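Fold and contact review
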Amino acid sequence: MEPPDGNNALSPSSEAEDASKKSRKPYTITKSREGWTEPEHDMFVEALQLFDRDWKKIEAYIGTKTVIQIRSHAQKYFQKVQKSGSNEH
């Protein structure tokens, strides 16, 4: 049995160190930010009532926003509704 000298290439700690050294891809915005138009928001609210939180169906219904954009909008929308105490949706 070899003494633990830290130079063993198979030691779990060296694998963890290697994994942490991998560089991440830089974050790039693929589209410029666009706000939600009133018709898009109205469609979003309708789609929420029709499809609940099925983001793919809502994406297809709205047609101009991605699932990521819709989820982000939904998060902000639900916070706003909760803050106002309204039972919309």
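Up top is the structure these notes are about.
Bear in mind that the values here come from a model prediction, so they are computed numbers and not experimental data.

Conventions adopted
Along each chain, the written sequence defines residue order, and numbers are assigned to residues from 1. Where local features are concerned, this predicted model is filtered to residues with pLDDT of at least 70; where side-chain atom pairs are given and counted, the filter is 80 or more; whole-chain, interface and lining totals use all residues. The side-chain quantities take in all heavy atoms of the structure and omit both hydrogens and water. Secondary structure is summarised from DSSP: a helix means a run of H or I of at least four residues, a strand means a run of E of at least two, and numbering begins at the N terminus for each. Working rule for contacts: check all heavy atoms of both residues, and any pair within 4.5 Å makes them a contact. Among buried residues, the Ala, Val, Leu, Ile, Met, Phe, Trp, Tyr and Cys ones that are joined through side-chain atoms within 4.5 Å form a nonpolar core. Each residue is placed in one exposure class: buried if its accessible area under a 1.4 Å probe, protein chains only, is under 20% of its type's maximum, exposed if it is over 50%, and partly exposed if it falls in between. The arc in question is the one spanned by the directions pointing from the helix axis to the C-beta atoms.

This next bit is on the side chain of glutamate 40. The residue glutamate 40 is located in helix H2 (residues 38-51) in this model. Leaving out residues up to four positions away in the same chain, glutamate 40 has contacts with Gly35, Ile62, Thr64 and Lys65.

One finds Phe44, Val45, Ala47, Leu48, Trp55, Ile58, Ile62, Val67, Ile70, Ala74, Tyr77 and Val81 forming the largest nonpolar core, which totals twelve residues. Sorting the residues of this core by element identifies H2, helix H3 (55-62) and helix H4 (67-84) as the ones contributing at least two each. Not counting residues up to four positions away in its chain, the partners in contact with isoleucine 70 are Trp36, Phe44, Trp55, Ile58, Glu59, Ile62 and Lys65.

What follows concerns H3. When we look at burial in H3, the residues that qualify are Trp55, Ile58 and Ile62. Around the axis of H3, the buried residues are gathered within 60° of arc, so they sit on the same side. Away from its buried face by more than 90 degrees, H3 exposes Lys56 and Ala60. Against the buried residues of H3 lie H2 and H4. Two residues or fewer past H3, glycine 63 is found with a positive phi of approximately 85°.

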